[in-house]
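Residues per chain, in single letters:
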Amino acid sequence: MAGHEERVITEVAKQLFIGGEWRDPALGATFKVEDPSTGSVLCEVADAGTDDAFAALDAAVRVQPTWAKHPPRERGEILRRAYELLMQRQEDLALLMTLEMGKPVPEAKGEIAYAADFLRWFSEEAVRIEGGFSTAPNGQARFLIMRQPVGPSMLVTPWNFPMAMGTRKIGPAIAAGCTAILKPAQQTPLSALALAQILREAGLPEGVLSVLPTTDAGGVTEPLLRDGRIRKMSFTGSTGVGRKLLEQSSEQVLRTSLELGGNAPFLVFDDADLDAAVEGAMQAKMRNIGEACTAANRIYAQSGIAAEFSRRLSERMGQLRVGRGTEEGVQVGPLIDAKAREKVQHLVDDAVDRGARVMVGGGPDEGAGYFYRPTVLSDVPQEAELSDTEIFGPVAPVITFETEDEALADANDTEYGLVSYVYTSDLNRALRVSERLETGMVGLNQGIVSNPAAPFGGVKHSGLGREGGRVGIEEFLETKYIGIGGVD
Ligand code: NAP
């Protein structure tokens, strides 16, 4: 490892963060964190168990009442200071993220800025939590409506956006006055630990946040979800795990937010600006090496432009440079692990067996890491497995369609409903199609929808609730109504 790489790994804390302190796990276990571009071990971090989870819960429950009363302005200022610290350390944090997750450093820098922006956004929301006061319709009572923090919250995040998925939950939890326990993904604990260091430095009182890396996800989360003192579960990850956590949360009737898998359709109509559509497809497909819940999973191109669109997209995909994310000029890093790469290869093989043509790529790339070549498949039949499976890799399947109705029927023919993309220059069509797409978000002539100031989330099996925007903080607030009688 180069000097800078060694320094950022050395500087990050590797213990559990519980009750404002760095601690060794009760059982003393550790686990290895791997660099997906080389397969080599970066370091070992503490491995939390059930006892550690209960220590974190005890701390969260103990400080919840005082934290709820902490002045909103000060809660906001802690978040604001953390935002500044993230931005000051953007270079180091980006390198740390690249090492554990694989995305190229410039993209990792982008994620640090995106992640920091959630803290800035919610620092502003902390002082805008409002209730209400009104008179009952019959004039015989008054209604006082107050907003209160939900209470101790369990937060579970995935590996693909190791920093932003954390701040998108921690930001509103802190702003609302909730204490929280974060369980980051096993493959990317370092970014979450670095975030805990920063929040502590920014003045977050002890016990408000605990961070528990673990190899025993269920052993850490399930007992807490069933305990009764946790009042909220917020999860980002796959639909299968989300469903399981929803079931576990039902026992104590927890408030739940779920940001789950996607299977985004990307519709390009004959009347689209083709340059813009190709550019948008590159962003929607290749952001994060294709490992994004928002990734364009199925590209539907109308028959008049399908061949030209596929040709231009293939040309652009073929020009991308694959390699270790730390190298200058690299645009596509490795996939997260061998299993992820095998899944991508299986989906490509299945589509080809059913008649798809490989325009570019189509197989693994050289190197010790889990590299896969940017791939475009054309003439993909709708019945190919990848039409209803999250690819989570740099593979763009292009499916040709004739009519708007046909495109909409195919686009909606999935259990997922996170995001869709539409490229057209016809305003009527743009609005009509956007209304009929069964997704929580639509990118209209744009390939990226993520923004801390906008409500992010899905419908159907893609989730419950929204993160970011004005509604993001609502997920961590309860509404209490006080009926006031005897008022003349
Ligand atoms: P995952 O396997 O569902 O894991 C997500 C998190 O859940 C990890 O921290 C994981 O821990 C934990 N987990 C796994 N099994 C668990 C269990 N039985 N009990 C409690 N926690 C458990 O998902 P992933 O592979 O990390 O992430 C990719 C998925 O996330 C994709 O489906 C993607 O679409 C989705 N995603 C959605 C959004 C969104 O906003 N909608 C954003 C990003 C990603 P371990 O690491 O220990 O397994």
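All figures in this text were calculated on a predicted structure; none of them were measured in a lab.

Concerning the sheet that holds strand β14 (residues 357–360)
No. 1: Judged by pairing direction, the sheet is mixed, and its seven strands sit side by side in the order β14-β15-β16-β13-β12-β17-β18 without closing on themselves. Each edge of the open sheet is held by one strand with a lone partner, namely β14 and β18 (441–444). Strand-to-strand twist of the sheet, defined as the mean angle between neighbouring strand axes without regard to direction, takes the value 25°.
No. 2: Strand direction decides the pairing type here: β14 and strand β15 (residues 375–378), joined by three bridges, are antiparallel. Residue pairing across strands places Arg-357 opposite Ser-378, the latter belonging to β15.
No. 3: Seen against the sheet, helix α10 (residues 274–286) touches β12 (264–268), β13 (296–302), β16 (395–401) and β17 (419–423) and runs at an angle of roughly 170° to β12.

Some points on the site of the ligand
No. 1: Near the ligand lie 30 residues; those nearest to it are Thr-157, Arg-168, Ser-238, Leu-260 and Glu-390.
No. 2: With respect to the ligand, the side chain of Arg-168 contributes an N or O atom lying 2.7 Å from an oxygen atom.
No. 3: Residue Gln-186 places a main-chain N or O atom 2.8 Å away from an oxygen atom belonging to the ligand.
No. 4: Expressed as a share of its isolated accessible area of 910 Å², the protein-covered part of the ligand is 86%.
No. 5: Sorting the residues of the shell around the ligand by element identifies α6 (164–176), α8 (217–225), β10 (232–236) and α9 (239–250) as the ones contributing at least two each.
No. 6: A breakdown of the residues in the shell around the ligand according to their chemical character gives 15 nonpolar, 10 polar and five charged.

What to know about the UniProt feature "active site" (unreviewed entry) in the chain
No. 1: When the UniProt feature table is mapped onto this chain, "active site" (unreviewed entry) is found at Glu-259.
No. 2: Examined against the element boundaries, Glu-259 turns out to sit in strand β11 (residues 255–259).
No. 3: The class for Glu-259 is buried, based on a relative accessible area of 3%.
No. 4: Sequence-distant contacts of Glu-259, defined by excluding residues within four places in its chain, comprise Arg-168, Phe-235, Thr-236, Gly-237, Leu-418, Phe-456, Gly-457, Gly-458, Ser-462, Gly-465, Arg-466 and Glu-467.

About the thresholds
- Residues numbered from 1 in each chain as written.
- Predicted model: local features only at pLDDT ≥ 70, side-chain atom pairs only at ≥ 80, totals over all residues.
- Heavy atoms only, no water.
- Pairing = 2+ DSSP bridges.
- Helix = DSSP H or I, 4+ residues; strand = E, 2+ residues; numbered from the N terminus.
- Axes fitted to C-alpha atoms, helices over the stretch in contact; angles between N-to-C directions.
- Contact = heavy atoms within 4.5 Å.
- Near = heavy atom within 4 Å.
- Polar contact = N/O pair within 3.5 Å; in protein donor to acceptor, adjacent residues only side chain to side chain.
- Areas by Shrake-Rupley, 256 points an atom, 1.4 Å probe, with all protein chains shown as cover.
- Nonpolar A, V, L, I, M, F, W, Y, C, P; charged D, E, K, R; others polar.
- UniProt positions renumbered as here; feature names shortened; annotations may be inferred.
- Buried < 20%, exposed > 50% of the residue type's maximum accessible area, 1.4 Å probe, protein only.

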